[in-house]
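Breakdown of the fold
Here is what each chain is made of, one letter per residue.
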Amino acid sequence: MHDIIKSTSFLQFMQSYTVIIPVLIVINILVIRWIKRKKQLYPKLFLYLNILFLVFCITDGIVMVNKHIKFKQVKFTEPVPFDQTKVTQKPNVYFLLFDEYAGYKSLEDSFGFKNDSLYHFLKQKDFTELPTFANYDFTPFSMSSILNMQYVPENYKQHDLHSLIFSNVLAK
């Protein structure tokens, strides 16, 4: 609603939340008063809301049963054994993760902006830039894979995403 108000020229005076919120509160109060005055509307409204609630419950029940039937337990590989006592000196390694950063090529192509200053700064500090690629479908697994070495299995299928996320979260 806020975006529509901002994009409509004659409604731009209302784009501030200090105007929108009071207007919405007044509209809600007026609708509630109108419903209270219309006594014959009560039975119809309650019947509609009860039927709508039953439809939503039945739909959710069907979806839950369907997900339960299709649920497959995913086996994760065992973590690599690591002996921390053998580490005598911490390596000079920094892991920089630019979450939601568009990237050099995207910024240049879409916005005509070259972010050379960032790359120049990182090269001055002897950072190595690794090749990047888009893995949007695997975003929930990216940090999990990097930090705890539980990589996505090679036979992974897109519809297993939900079960993989929840089994990993519940295991912790």
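Residues numbered from 1 in each chain as written. Predicted model: local features only at pLDDT ≥ 70, side-chain atom pairs only at ≥ 80, totals over all residues. Heavy atoms only, no water.

**Observations concerning the overall build of the protein chain**
Cut-off, in case you're wondering: Segments assigned H or I by DSSP are reported as helices when at least four residues long, segments assigned E as strands when at least two residues long, and all are numbered from the N terminus. Three labels apply to residues, based on accessible area from a 1.4 Å probe with only protein chains included: buried if under 20% of the type maximum, exposed if over 50%, partly exposed otherwise in between. Between two residues, a contact is recorded if the distance between any of their heavy atoms is within 4.5 Å. Under the convention used here, a 1.4 Å probe and the Shrake-Rupley method define accessible areas, while residue burial counts only the protein chains that appear.
Secondary structure assignment for the protein chain yields seven helices and zero strands. Mapped in sequence order, the helices and strands of the protein chain form the string α-α-α-α-α-α-α. Per-residue burial over the protein chain gives 13% buried out of 172 residues. At a minimum sequence separation of 6, the contacts of the protein chain that also span at least 24 residues come to 33%. Carbon and sulfur atoms make up 64% of the accessible area of the protein chain, which amounts to about 15,900 Å² in all.

**Here's the deal with a nonpolar patch on the surface**
Cut-off, in case you're wondering: Residues with no salt bridge and a relative accessible area higher than 30% make up the patches, which join like charges within 9 Å and nonpolar side chains (Val, Leu, Ile, Met, Phe, Trp, Tyr) within 5 Å. Criterion for a salt bridge: a side-chain nitrogen of Lys or Arg within 4 Å of a carboxyl oxygen of Asp or Glu.
Residues Met1, Leu24, Ile27 and Val31 make up a contiguous nonpolar surface patch of about 360 Å² in total accessible area. Among the secondary structure elements, methionine 1 is positioned in the segment before helix 1 (2–7).

**Some details on the side chain of asparagine 115**
By the secondary structure assignment, asparagine 115 is in the loop between helix 4 (104–111) and helix 5 (116–124). Residue asparagine 115 is classed as buried on the basis of its relative accessible area of 12%.

**Some remarks on the pattern of salt bridges**
Applying the stated criterion across every chain yields a total of two salt bridges. Close ionic contact of aspartate 109 with lysine 105 constitutes a salt bridge, the shortest N to O distance being 2.8 Å. Within this pair, aspartate 109 and its partner lysine 105 are both found in helix 4, separated by four residues, close to a single helical turn. Across the pair, lysine 105 and aspartate 109 agree in class, each one exposed. Ionic pairing is found between lysine 114 and glutamate 108, a salt bridge with its closest N-O pair at 3.7 Å. For lysine 114, a relative accessible area of 47% corresponds to the partly exposed category.

**Side note on the packing of helix 2 (residues 17–37) against helix 3 (residues 41–70)**
Convention followed: Angular values range over 0 to 180 degrees, each being the angle between N-to-C directions of two axes fitted as lines to C-alpha atoms, with helices fitted over their stretch in contact. Three categories are distinguished: nonpolar for Ala, Val, Leu, Ile, Met, Phe, Trp, Tyr, Cys and Pro, charged for Asp, Glu, Lys and Arg, and polar for the others, with Gly belonging to the last.
Where helix 2 meets helix 3, the axes come as close as 8 Å, and the angle between the chain directions of the two elements is 115 degrees. Residues Trp34, Ile35 and Lys36 of helix 2 lie in contact with helix 3, whose contacting residues are Leu41, Tyr42 and Leu45. The class makeup of the residues in the contact of helix 2 with helix 3 is five nonpolar, no polar and one charged.

**Considering the confidence of the model for the protein chain**
Definition in use: Along the chain, pLDDT gives the predictor's confidence residue by residue, from 0 to 100.
The predicted model of the protein chain has a mean per-residue pLDDT of 76, with 72% of residues at 70 or higher. Here residues 164–172 scores under 50 on pLDDT; set against residues more than four positions off or in separate chains, the count is 12 contacts.

**Things to note about unusual backbone geometry**
In this model, aspartate 126 sits at a positive phi of 65 degrees, which is unusual for a non-glycine residue. Among the structural elements, aspartate 126 can be located in the loop between helix 5 and helix 6 (139–148).

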